[in-house]
Amino acid sequence: MTEKIKNKLNKFLSKPRLITEGNRQLHPVVLTDSKGSINRHVAHTAERDILWWNKSGSKIEQSTNWLKKNIASKIIRHGNIWLYAWLGTCNLTTKNKRYISITKDNDEEVNKIIEKYEEIIKIIDKYPESKITILETPIYSIKNWNKKQGHKNPDTFEEQDIELERQLYTLNGRIREINKRIGSHSPEFSSDISNTSKYHCGKDRKLKTTRNYEFGLYQDGIHPGELLAKNWLKKISEQAKRDCWASVHKPPLK
């Protein structure tokens, strides 16, 4: 783990949190897969207000079907909600026993995910007082997951990681378009582990930029370690404060 990225994450965690005033207008809910394991690090009041509807290994089709069957009873129980849909990881890659591999080497799965997100939006639209945000899918690593699981040749998955990064870039771009359309916003999670470097290339010495990812911040290439999980949790809770409370402001610096 580079000290630069570690310091960036610790700096974000040390910043004063947003202060909420007035009543909570909507109940924040995160619909997700195993990424919901970050709720083990809940430590602040606003984080405790978030409901987590998560199931490890859930594909977006399964989560959509579950939501369709349960949304009415959940809203009766909890009141109007702001749903944060955080899915897609289990669609882009496929698990075979211990190891994972890329599901498709084209945008077929990306298109399926977007179709399901549009379906989820329609489900929430039936409850006009409730709102929705599509959360961006963080980058993850096939190579690092398989290495952690004891694969003898994890380096053979490097090309799949490159394709996965491309698909995630495409997916998150389309998620941003959807959020813009429906008047919502998602934090950027992948930026927390990214590191850029510049170099001169070619005869004209043109300056180019490369982006690398510090997967050492993950437990296993997919699930975030404690420092990263706390950052993502804070990002989600701060967004939920902006969305769900009557009034939010920054506390004065001490």
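This is a predicted model, so every value here is computed, not measured.

1. Here's the deal with empty space enclosed by the protein
Item 1. Taken as a whole and judged by the stated rule, the model has one cavity of 30 Å³ or more.
Item 2. Looking at the largest cavity, its volume works out to about 50 Å³.
Item 3. For the largest cavity, the full set of lining residues is Ser34, Lys35, Thr89, Pro138, Ile139, Tyr140, Tyr218 and Ile222.
Item 4. Class assignment for the residues of the lining of the largest cavity results in five nonpolar, two polar and one charged.

2. Brief notes about unusual backbone geometry
Item 1. One non-glycine residue, Lys97, adopts positive backbone phi at about 60 degrees.
Item 2. Among the secondary structure elements, Lys97 is positioned in the loop between strand 5 (93–96) and strand 6 (99–102).
Item 3. When its relative accessible area of 76% is taken as the criterion, Lys97 is described as exposed.

3. Here we look at the packing of helix 3 (residues 60–78) against helix 5 (residues 108–125)
Item 1. Relative orientation of the contacting elements helix 3 and helix 5 amounts to 10 degrees, with a least axis distance of 10 Å. Classified by the angle between their axes, helix 3 and helix 5 sit roughly parallel to one another. In this structure, helix 3 contributes Ile60, Glu61, Thr64, Leu67, Lys68 and Ile71 to the contact, and helix 5 contributes Ile113, Lys116, Tyr117, Glu119, Ile120, Ile123 and Ile124.
Item 2. Of the residues in the contact of helix 3 with helix 5, the class split is eight nonpolar, one polar and four charged.

Conventions we followed
- Residues numbered from 1 in each chain as written.
- Predicted model: local features only at pLDDT ≥ 70, side-chain atom pairs only at ≥ 80, totals over all residues.
- Heavy atoms only, no water.
- 1 Å grid on protein atoms, 1.4 Å probe; cavity = no way out; pocket = protein on both sides within 12 Å on 5 of 7 lines; lining within 4 Å.
- Points joined across faces, edges and corners; volume = space filled by probe spheres on them.
- Nonpolar A, V, L, I, M, F, W, Y, C, P; charged D, E, K, R; others polar.
- Helix = DSSP H or I, 4+ residues; strand = E, 2+ residues; numbered from the N terminus.
- Buried < 20%, exposed > 50% of the residue type's maximum accessible area, 1.4 Å probe, protein only.
- Axes fitted to C-alpha atoms, helices over the stretch in contact; angles between N-to-C directions.
- Parallel < 35°, antiparallel > 145°, perpendicular 65-115°, else oblique.
- Contact = heavy atoms within 4.5 Å.

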